[in-house]
Amino acid sequence: MNKLVCTNCNELYNEETETGRCSSCDEPLEVEAITDGKIADDFPMENGIFNRYASFFPFLDLDKAVSLGEGATPLVQIDYGIEDAKGIKLYIKNEGMNPTWSFKDRGTLTGLLHAKAKGYKKIGTVSTGNMAASVAAYAARAGLQATILVKEEMAEEKIGPIGIYGPRLIRVKGNYRTLYSESIRLGKENDIYFINSDAPYRVEGYKTTAFEIFEQLGGKVPDYVIVPTSAGGNFRGIEKGFRELYFSGISSRMPTFIASQAKGCNPIVRAFESGSEEVQQLNEFGTIAHAIENPYPPSGNQVLRLIRKNGGMAVDVEEEDIIGHQRILAKAGIFVQPASATSLAAAYKLMAEGKIDSNSEVVCIATASGLKFTESLKHHTIPVESCNIEELEKRLR
Ligand SMILES: *Cc1c(COP(=O)(O)O)cnc(C)c1O
Ligand SMILES: [Zn+2]
């Protein structure tokens, strides 16, 4: 069993703590980094990523029967126009191609496998949407009961796509950050393992995104990786994946990491810009990018530490730029939800400000499919023509 280490004070733990965080400084824990990982070439990526990357998960019993075919998502190069002059290459990692159409599946699988190994029959999560659907689907697949806690005010449209998998679904009134810690505490009391946004064994699953990017670029580390960031789980997992490739001698350097947020809910960007080491809770916030609308991210401080460690940045983008880049991605053939468009919007902003080096490779994570939140389509003009069948010939000419 690998130990857990505090991301802030380096204190070591043999087991997860009651809170899931460090008992001394209350910062998030992570599984000790792997330094001897190997990519198993005899398992092609298309046949399931966890076999291929199994040596980075020695602490998990990789039970193929609960996999739904997560990962191995496309890395697509797009032509933006503005990058050409400087020789910048832009790539989109399309995480909407996962089994429940978001990157959450990678971490749900590893979190679930850990819960199973610990003997749990019930798992749960606190979520506003994508993670809820993911945990409900994987619980159904594994024959475990799922308890999903959602916000009281959650849109009706989002309930069905979670409820269809058959979880126990509870709308809870109250502060979301309190709900996050209460769920872990009450879960322990009621034998429900909560795999929340930045749970250590959820973060582990996100490492595979880094492994895939490295391989899809032909065994190269990109210069920049831009991650739409809310709680900070995905950002931490991707950073850890690149770190483990580096520690294992598979790669020779680290990328520069950039967190993208919406200006309407930008606690990490504010802390980054003010030079603070701690993210402050926002009391007023609002953005179309609901999936990254967390006013008090539980891994916010760790994201700041990781950014500062290697010259990274935290960048926020305006609502109209989010919608605009959702459109630009659609024109490149990729329909994403608004939160997912913030990474490309941030890339554009940084390129315009001259903060992206010439001839560099930039990977923007597109975290989830646009079909998960079709309401965002009302922000776009979608022209439709109509005519009689007799008129069609004339029209098409
Ligand atoms: C969950 C989610 C995020 C944010 O991930 P964190 O791990 O909470 O930082 C970004 N985009 C989408 C679409 C998500 O569902
Ligand atoms: Zn600590």
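To be clear, the structure that these remarks concern was listed above.
Okay, so let's go over this structure. All residue numbers refer to positions counted from 1 along the written sequence of the respective chain. Whichever chain is written first becomes A and whichever ligand is written first becomes 1, with later ones labelled in order. Owing to the predicted nature of the model, reporting of local features is limited to residues with pLDDT of at least 70; listing and counting of side-chain atom pairs is limited to 80 or more, with chain, interface and lining totals taken over all residues. Excluded from the side-chain calculations are hydrogens and water; all other atoms, namely the structure's heavy atoms, are used.

## Description of the overall build of the chain
Okay, step 1: Secondary structure assignment for the chain yields 12 helices and 13 strands.
Okay, step 2: Against the globule reference of 21 Å for 397 residues, the chain gives a C-alpha radius of gyration of 21 Å, in line with a compact fold.
Okay, step 3: With the principal axes as the frame, the chain shows a C-alpha extent of 70 × 50 × 45 Å.
Okay, step 4: Looking at the chain as a whole, 55% of its 397 residues qualify as buried.
Okay, step 5: Intrachain contacts of the chain at a sequence separation of at least 6 include 70% that bridge at least 24 residues.
Okay, step 6: Here the open area of atoms and residues is found with the Shrake-Rupley method and a 1.4 Å probe, where only the protein chains shown may cover a residue. Of the roughly 16900 Å² of accessible surface on the chain, a fraction of 49% belongs to carbon and sulfur atoms.
Okay, step 7: We treat Lys and Arg as the positive residues and Asp and Glu as the negative residues; His and chain ends play no part in the count. A charged residue contributes its charge at one atom only: NZ of Lys, CZ of Arg, CG of Asp or CD of Glu. The positive charge centre, built from 44 side chains, and the negative charge centre, built from 52, are 2 Å apart in the chain. Secondary structure elements follow DSSP: runs of H or I no shorter than four residues count as helices, runs of E no shorter than two count as strands, and numbering proceeds from the N terminus. All radius of gyration figures rest on C-alpha atoms, and the globule criterion is 2.2 Å times the number of residues raised to 0.38. Exposure classes here rest on a 1.4 Å probe applied to the protein chains alone. A residue is buried below 20% of its type maximum, exposed above 50%, and partly exposed in between. We call two residues in contact when some of their heavy atoms are within 4.5 Å.

## Concerning the site of ligand 1
Okay, step 1: Note on terminology: near, applied to a residue and a molecule or strand, indicates that one of the residue's heavy atoms is within 4 Å of it. As a structural note, the neighbourhood of ligand 1 is formed by 17 residues, with Lys-104, Asn-130, Ser-230, Gly-232 and Thr-367 the closest of them.
Okay, step 2: Within the side chain of Asn-130, an N or O atom sits 2.7 Å from an oxygen atom of ligand 1.
Okay, step 3: N or O atoms closer than or at 3.5 Å make up a polar contact, with two conditions inside protein: a donor-capable atom paired with an acceptor-capable one, and, for residues adjacent in sequence, both atoms drawn from side chains. Gly-232 is positioned such that a nitrogen or oxygen atom in its backbone is 2.8 Å from an oxygen atom of ligand 1.
Okay, step 4: Relative to its free-state accessible area of 390 Å², ligand 1 is covered by the protein chains to the extent of 96%.
Okay, step 5: Elements supplying a minimum of two residues to the shell around ligand 1: helix H7 (233–247) and helix H11 (338–352).
Okay, step 6: Gly falls in the polar group here, along with every residue not listed as nonpolar (Ala, Val, Leu, Ile, Met, Phe, Trp, Tyr, Cys, Pro) or charged (Asp, Glu, Lys, Arg). Taken together, the residues that form the shell around ligand 1 break down as 7 nonpolar, 9 polar and 1 charged.

## Digging into the coordination of the zinc ion (ligand 2)
Okay, step 1: Note on donors: an N, O or S atom is included if it sits within 2.8 Å of the metal, or within 3.2 Å for Na, K and Ca, and water is never included, so sites can look incomplete. Protein coordination at the zinc ion (ligand 2): the donors are Cys-6 (SG), Cys-9 (SG), Cys-22 (SG) and Cys-25 (SG), at 2.3 Å from the metal.
Okay, step 2: Relative to the metal, the 4 donor atoms surrounding the zinc ion (ligand 2) lie at angles of 95 to 124°, and the coordination shape comes out tetrahedral.
Okay, step 3: Each donor residue of the zinc ion (ligand 2) belongs to the same chain, with the gaps between them written as C-x2-C-x12-C-x2-C. Highlighted residues: Cys-9 in the loop between strand S1 (4–6) and strand S2 (12–13) and Cys-25 in the loop between S2 and strand S3 (29–31), separated in sequence by 16 residues. Donor angles set the geometry label: tetrahedral for four donors if every angle is between 85 and 135 degrees, square planar for four and octahedral for six if opposite donors exceed 155 degrees and the others are between 65 and 115, irregular for anything else.

## Comments concerning the packing of H7 against helix H9 (residues 300–309)
Okay, step 1: Close contact between H7 and H9 brings their axes to 10 Å; oriented N to C, the two are set at 40°. In terms of orientation, H7 lies oblique with respect to H9. Remark: the crossing between H7 and H9 carries left-handed chirality. Seen from H7, the contacting residues are Phe-235, Arg-236, Glu-239 and Arg-243; seen from H9, they are Gln-302, Val-303, Leu-306, Ile-307 and Lys-309. Comment: axis = line fitted to C-alpha atoms, over the contacting stretch for helices; angle = value between 0 and 180 degrees taken between N-to-C directions. Angles are sorted into four bins: roughly parallel if under 35 degrees, roughly antiparallel if over 145, roughly perpendicular if 65 to 115, and oblique for all others. Each crossing is labelled by how the near helix is turned from the far one, with a counterclockwise turn of less than a right angle marking it left-handed and a clockwise turn marking it right-handed.

## What to know about the sheet that holds strand S12 (residues 313–317)
Okay, step 1: A pair of strands counts as paired when DSSP detects no fewer than two bridges linking them. The 6 strands lie next to each other as S4-S5-S13-S10-S11-S12, forming an open sheet whose pairing is mixed. Only two strands of the sheet have a single partner each, and these edge strands are strand S4 (75–78) and S12. Sheet twist, expressed as the average angle between the axes of neighbouring strands with direction ignored, equals 25°.
Okay, step 2: Direction of pairing for strand S10 (residues 224–228) relative to strand S13 (residues 361–366): parallel, over a ladder of 3 bridges. Each residue of the ladder has a partner; that of Val-225, found in S13, is Val-363.
Okay, step 3: Sheet strands touched by H11: S4, strand S5 (89–94), S10, strand S11 (256–262), S12 and S13. Its angle to S12, the strand with the most contacts, is close to 105°.

## Points about H7
Okay, step 1: Residue count minus one, scaled by 1.5 Å, sets the expected span of a helix. With 15 residues, H7 extends 21 Å from end C-alpha to end C-alpha; this agrees with the ideal 21 Å at 1.5 Å per step.
Okay, step 2: The buried count for H7 comes to 13 of 15 residues, which makes it a mostly enclosed element.
Okay, step 3: Downstream of H7 by a residue or two, Gly-249 has a phi angle that is positive, lying close to 75°.

## Notes on empty space enclosed by the protein
Okay, step 1: Cavities and pockets were defined on a 1 Å grid built from protein atoms only: a cavity is a group of points that admits a 1.4 Å probe but offers it no way out, a pocket is an open group of points flanked by protein on both sides within 12 Å along at least five of seven lines, and a lining residue is one with an atom within 4 Å of any such point. Grid points are joined across faces, edges and corners, and a volume is the space filled by probe spheres set on the points. Enumeration according to the criterion identifies 1 cavity of 30 Å³ or more in this entry.
Okay, step 2: Taken as a whole, the largest cavity spans an internal volume of roughly 190 Å³.
Okay, step 3: What lines the largest cavity is a set of 19 residues, and nearest its centre among them are Glu-16, Gly-20, Ile-184, Phe-194 and Ala-199.
Okay, step 4: Those elements that place two or more of their residues in the lining of the largest cavity are helix H5 (176–189) and strand S9 (192–194).
Okay, step 5: Per element, the largest residue contribution to the lining of the largest cavity is 4 residues, and it comes from H5.
Okay, step 6: Class assignment for the residues of the lining of the largest cavity results in 10 nonpolar, 5 polar and 4 charged.

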